[in-house]
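Overview (structure and organization)
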Amino acid sequence: MKRIVETRKKVSDRRTFVEVAPRRVPERKQGAWICYQLKLAGLSQGDVAMTLGVSQQMVQRVAYGLVTSARVQKGIAVALGHKHWSDLTAARQGQGVAA
């Protein structure tokens, strides 16, 4: 489940606030686990990014849940020996890793 944080931005000195789009809170444990699994497999975020034709930052942002990209999620999962992203996250939960 994604956690969303509401943010407010000060517009002027008159203490007027405008609501801006909510931003996602990083799933630190998920991202760290995925990066660790990549290292165990002898891969880096850059290797996955080069294979997919995206930046390393994009791979990192998807791994940590900051953005969603089905193509990058599937690329990470395939690189780690899974068919789908859901299989990868299920494997993480199956290993007793706290969500």
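Since the model is a prediction, treat every value here as computed from it, not as a measurement.

**Some points on the overall build of the protein**
Looking only at helices and strands, the protein has five helices and four strands in total. Overall, the protein shows an N-to-C arrangement of helices and strands of β-β-β-β-α-α-α-α-α. In the protein, buried positions account for 29% of the 99 residues. Taking as baseline every contact in the protein between residues at least 6 positions apart, the subset at least 24 positions apart corresponds to 38%. Accessible surface computed for the protein: about 6700 Å², of which carbon and sulfur atoms make up 53%.

**Comments concerning helix H5 (residues 85-94)**
Looking only at H5, the buried set comprises Trp-85, Leu-88 and Arg-92. The buried residues of H5 all sit within an arc of 65 degrees when viewed along its axis, so they share a single face. Considering only its buried residues, H5 is in contact with helix H1 (28-40), helix H3 (56-63) and helix H4 (70-79).

**Observations regarding the confidence of the model for the protein**
Mean pLDDT over the protein: 81, with 70% of residues reaching 70 or higher. Averaged over each element, pLDDT in the protein is lowest for strand S2 (residues 8-10) (54) and highest for helix H2 (residues 45-52) (95).

**Focus on H4**
Within H4, burial applies to Val-72, Gln-73, Gly-75, Ile-76 and Ala-77. In this structure, the buried residues of H4 make contact with H1, H2, H3 and H5. Following H4 by one or two positions, Gly-81 has its phi on the positive side, about 90 degrees.

Parameters and conventions
- Residues numbered from 1 in each chain as written.
- Predicted model: local features only at pLDDT ≥ 70, side-chain atom pairs only at ≥ 80, totals over all residues.
- Heavy atoms only, no water.
- Helix = DSSP H or I, 4+ residues; strand = E, 2+ residues; numbered from the N terminus.
- Buried < 20%, exposed > 50% of the residue type's maximum accessible area, 1.4 Å probe, protein only.
- Contact = heavy atoms within 4.5 Å.
- Areas by Shrake-Rupley, 256 points an atom, 1.4 Å probe, with all protein chains shown as cover.
- Arc of directions from axis to C-beta.
- pLDDT = per-residue confidence, 0-100.

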